[in-house]
Amino acid sequence: MTPTQDIAVAVYDSHTKAEDAVKALQHAGFDMKKLSIAGRDYETKEHVVGFFNAGDRAKFFGKLGVFWGGMAGLLLGVVFVVVPTVGPIVALGPFAAALVSTLTGGVVGGVEGAVLAGGAGALFGALSALGIPKDAVLHYETELKARHFLLLVHGDPKDMHRAKDLLAQSGYLSFTHHPKAHSAAQ
């Protein structure tokens, strides 16, 4: 995923609304490779939240296990990371790949990743690398802290308009289109 593509972010206040939104896009034939979802998993104290194995498969346990498991079956790529100022984050889709690349110090869309302040810098770096402006990145970090879910749509302006039309009745809290002109390089 590079900042040469537009990105739109829909924010949902529940995993059921986010899941219904992904399923609506899938039902309409939207390319699932152009979708990412991220959310804060519930605190689990001593319980295992999940594990990852070869083949990019994941099994999650706890209150959101069915949700994350279902989404992992639809979207490619999965990562679980504990972000110091936000908490445990699960991400699926192209955003997961950007987050992993940033965590490992890789290059995402021409932006070198850095693990500044642990995962917090990685979260900021990954969202920025996807082309989301700095002020919006801070807003999305706040949404994740509030246990909201981010549905990210990657693609061209036509994809953004189609996604917004398809999600108009999905109950999102906000839908923001970030044109590629706001790439991380700016």
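Each remark here, short or long, concerns the structure printed above.
Residues numbered from 1 in each chain as written. Predicted model: local features only at pLDDT ≥ 70, side-chain atom pairs only at ≥ 80, totals over all residues. Heavy atoms only, no water.

Regarding the packing of aromatic side chains
Our working rule: Each aromatic pair joins two rings of Phe, Tyr and Trp (for Trp, the six-membered one) with centres within 6.5 Å, and gets the label stacked for planes under 30 degrees apart, edge-to-face for over 60, and tilted for any other angle. Only DSSP runs of H or I with at least four residues qualify as helices, and only runs of E with at least two residues qualify as strands; both kinds are numbered from the N terminus onward. Each residue gets one of three labels from its accessible area relative to the maximum for its type: buried under 20%, exposed over 50%, partly exposed in between, using a 1.4 Å probe on protein chains only.
Applying the stated criterion to the full structure yields two aromatic pairs. Here the aromatic rings of tyrosine 12 and tyrosine 172 are separated by 6.4 Å at their centres, their planes lie at 80°, and the arrangement is edge-to-face. Taken together, the residues tyrosine 12 in strand S1 (residues 6-12) and tyrosine 172 in the loop between helix H6 (157-167) and strand S10 (174-178) connect sequence positions 160 residues apart. Taking relative accessible area as the criterion, tyrosine 172 reaches 24% and is therefore assigned partly exposed. Note on tyrosine 172 and phenylalanine 175: the rings are 5.6 Å apart at their centroids and 40° apart in plane angle, and the pair reads as tilted.

Some points on the pattern of salt bridges
What counts, and what does not: Salt bridges, as used here, are contacts in which a Lys or Arg side-chain nitrogen is within 4 Å of a carboxyl oxygen on Asp or Glu.
All chains considered together, the criterion is met by three salt bridges. Residue aspartate 159 is joined to lysine 34 by a salt bridge in which the shortest nitrogen-to-oxygen separation is 2.8 Å. With aspartate 159 in helix H6 and lysine 34 in the loop between helix H1 (15-27) and strand S2 (35-40), this pair connects stretches of sequence that are 125 residues apart. Accessibility expressed as a relative area gives 13% for aspartate 159, which makes it buried.

Some details on unusual backbone geometry
The backbone of arginine 147 sits at a positive phi, close to 65°, despite the residue not being glycine. Tracing the backbone through its elements, the reader meets arginine 147 in the loop between helix H5 (134-145) and strand S9 (149-155). Since its relative accessible area comes to 27%, arginine 147 is described here as partly exposed.

A look at the nonpolar core
Which entries qualify depends on this criterion: Among the buried residues, those of types Ala, Val, Leu, Ile, Met, Phe, Trp, Tyr and Cys that are joined through side-chain atoms within 4.5 Å form a nonpolar core. In this analysis, two residues are considered to be in contact whenever any of their non-hydrogen atoms come within 4.5 Å of each other.
Among the nonpolar cores identified, the biggest contains 24 residues, and Phe95, Leu127, Ile132, Tyr140 and Leu152 are the most heavily contacted of them. Of all elements in the fold, only S1, strand S6 (87-92), helix H3 (94-103), helix H4 (119-129), H5 and S9 reach the threshold of two or more residues within this core. Among all residues touching leucine 152, those that are not within four sequence positions of it are Ile7, Ala8, Val9, Lys34, Leu35, Ser36, Leu127, Leu130 and Ile132. Counting 19 residues, the second-largest nonpolar core is a separate cluster that includes Tyr12, Val22, Phe30 and Leu151.

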